[in-house]
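So the chains spell out like this:
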2 protein chains.
Amino acid sequence: MKLTKAEWQIMNALWEKHPATARQVMEQLPAGVHWAYTTIKTMLTRLVEKEAVSEAKQGNTSVYDPLVSQRKARLSAFRSLVDQAFDGAMGPLVHFLAEEEPLTPKQKKELAALLQDETTRKGESK
Amino acid sequence: MKLTKAEWQIMNALWEKHPATARQVMEQLPAGVHWAYTTIKTMLTRLVEKEAVSEAKQGNTSVYDPLVSQRKARLSAFRSLVDQAFDGAMGPLVHFLAEEEPLTPKQKKELAALLQDETTRKGESK
DNA sequence: AGGCGCATTCTACAGATGTAGTAGAATACT
DNA sequence: AGTATTCTACTACATCTGTAGAATGCGCCT
């Protein structure tokens, strides 16, 4: 499930608040994004075709709901990035995260803590 | 500097071995990718226009070199992903890496170690 | 009944992308 | 020199993306 940039914006809005009508999606878009109403409709239609969202008629109006979870979409996008820009392996990415500066020292520490935590506290439920 | 999927493949080949002629780039492509020679040329031309690679004539033949570093391209791609799929913040990404399963436990431990290391060993040269 | 406002579906259209064929120039082989 | 090989520069073309206008339909108010 590959989403384009514009589609991500729509999906982000939908994940944040749903079900939602096209009008509501429009309002949910980040400030600064001023698409015509029909642009949103077009996007939503395409997303429906892609089966990324569902459409249900409420009388004359369509109400949309995400069909793919944010989690799934993120996983997929993440995978794509790794495949395409990091030799498809986590190794280079891990290295990148540690060495380059996408993370502030603080965030690195935080991530380290979370990971530590996660791998330490092993053997519980779910 | 936004690279498309196909462009990444070309750049990956170039970063691996450069300078290189179109023919050499072709050979450097991952097994399974069988583009026509002219396809590669087209890509290279577009990359030159984008100023992502340089082109120098050696007699009748062009030799290409990356103009943008892999590091920079990675940073940019990474940033895009975060902006578009993770609310533009590292927080959600960090959470994602810790909670979801893009990383094997082993890799998590590894990353944790690297980060720990990096943040601990603070205050050295370079 | 006529009109206002909002929703819907269609159609459009330029620029980006993936992929490559053609024709002519340069080079190399015999 | 004649022919085979290899480059390069152009052109092509189907899709996909981003953006949206136009025409048309439905409910409701006066």
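Our subject is the structure that appears above.
Summarised in this report is the structure supplied together with it.

## Quick word on the pairing of strand β3 (residues 61–66) of chain B
Residues and elements named next belong to chain B.
Then, in step 1: Note: strand β1 (residues 20–21) against β3, two bridges, orientation antiparallel. Looking across to β3, one finds that T21 is bridged to V63.
Then, in step 2: Pairing of strand β2 (residues 53–58) with β3, which is carried by six bridges, proceeds in the antiparallel orientation. Its bridge partner being in β3, Q58 is matched across the sheet by T61.
Then, in step 3: Taken together, β2 and the strand that follows it, β3, pair antiparallel across an intervening segment of two residues, in which G59 is found at a positive phi of about 70°.

## Some details on the packing of aromatic side chains
Then, in step 1: Applying the stated criterion across every chain, the model contains six aromatic pairs over all chains.
Then, in step 2: Judged by centre distance (5.1 Å) and plane angle (65°), the rings of F86 of chain B and F96 of chain B are edge-to-face. Highlighted residues: F86 of chain B in the loop between α4 (70–85) and α5 (90–99) and F96 of chain B in helix α5, separated in sequence by ten residues. Like F86 of chain B, the residue F96 of chain B is buried in the burial classification.
Then, in step 3: In textbook terms, an aromatic cluster arises when at least three aromatic residues are bridged by ring pairs, as seen for F78 of chain A together with F86 and F96 of chain B.

## Describing helix α4 (residues 70–85) of chain A
Then, in step 1: For α4 of chain A, with 16 residues, the first-to-last C-alpha span of 22 Å sits near the 22 Å given by 1.5 Å per residue.
Then, in step 2: Taken together, the buried residues of α4 of chain A touch α1 (5–16) and α5 (90–99) of chain A together with α1 (5–16), α4 and α5 of chain B.
Then, in step 3: Count one or two residues on from α4 of chain A and you reach D87 of chain A, which has phi positive near 55°.

## A short note on the packing of α4 of chain A against α5 of chain B
Then, in step 1: Taken N-terminus to C-terminus, the directions of α4 of chain A and α5 of chain B make an angle of 90°; their axes are 12 Å apart at the nearest point. It follows from the interaxial angle that α4 of chain A and α5 of chain B lie roughly perpendicular. In this structure, α4 of chain A contributes R71, R74, L75 and F78 of chain A to the contact, and α5 of chain B contributes P92, F96 and L97 of chain B.
Then, in step 2: Considering only residue class, the contact of α4 of chain A with α5 of chain B consists of five nonpolar, no polar and two charged.

## Examining the protein's contact with DNA strand C
Then, in step 1: Surrounding DNA strand C, one finds 19 residues, the nearest of these being R23, Y37 and S62 of chain A together with T4 and T42 of chain B.
Then, in step 2: Near the protein, meaning within 4 Å, the atoms of DNA strand C are sugar or phosphate in a fraction of 69%, with bases accounting for the rest.
Then, in step 3: In the model, a phosphate oxygen of DNA strand C is placed 2.3 Å from a nitrogen or oxygen of the R23 of chain A side chain.
Then, in step 4: The side chain of T39 of chain B places a nitrogen or oxygen atom 3.3 Å from a phosphate oxygen of DNA strand C.
Then, in step 5: For the surface near DNA strand C, the elements supplying multiple residues, two or more each, are α3 (37–49) and β3 (61–66) of chain A together with α1 and α3 (37–49) of chain B.
Then, in step 6: Considering each element in turn, the surface near DNA strand C owes the most residues, five residues, to α3 of chain B.

How each quantity is defined
- Each chain carries its own residue numbering, running from 1 in the direction its sequence is written.
- Chains carry letters from A onward and ligands carry numbers from 1 onward, assigned in written order.
- Restriction of local features to residues with pLDDT of at least 70 applies here, the model being predicted, together with a cutoff of 80 or more for giving and counting side-chain atom pairs; totals for whole chains, interfaces and linings are based on all residues.
- Side-chain metrics in this entry use all non-hydrogen atoms of the structure; hydrogen atoms and water are not considered.
- The pairing criterion for strands is at least two bridges between them, as found by DSSP.
- Runs of H or I in DSSP of at least four residues are treated as helices and runs of E of at least two as strands, each being numbered from the N terminus.
- Stacked, tilted and edge-to-face are the three classes applied to pairs of Phe, Tyr and Trp rings, where Trp contributes its six-membered ring and a pair requires centres within 6.5 Å; stacked means planes under 30 degrees apart, edge-to-face means over 60, and tilted covers the rest.
- Remark: exposure states derive from per-residue accessible area (1.4 Å probe, protein chains only) relative to the maximum for the residue type, with buried under 20%, exposed over 50%, and partly exposed in between.
- Between the first and last residue of a helix there are one fewer steps than residues, each counted as 1.5 Å, and that sum is the expected span.
- The contact criterion used is simple: two residues touch if any of their non-hydrogen atoms lie within 4.5 Å.
- Between N-to-C directions, angles span 0 to 180 degrees; the directions come from axes that are lines fitted to C-alpha atoms, helices contributing only their stretch in contact.
- Each angle gets one of four labels, with under 35 degrees taken as roughly parallel, over 145 as roughly antiparallel, 65 to 115 as roughly perpendicular, and the rest as oblique.
- In this classification, Asp, Glu, Lys and Arg are treated as charged, Ala, Val, Leu, Ile, Met, Phe, Trp, Tyr, Cys and Pro as nonpolar, and every other residue, Gly included, as polar.
- Here a residue is considered near a molecule or strand provided that any single heavy atom belonging to it is located within 4 Å of it.
- Counting of polar contacts relies on pairs of N or O atoms within 3.5 Å, with two restrictions inside protein: one atom must be capable of donating a hydrogen and the other of accepting it, and residues adjacent in sequence are counted only when both atoms are side-chain atoms.

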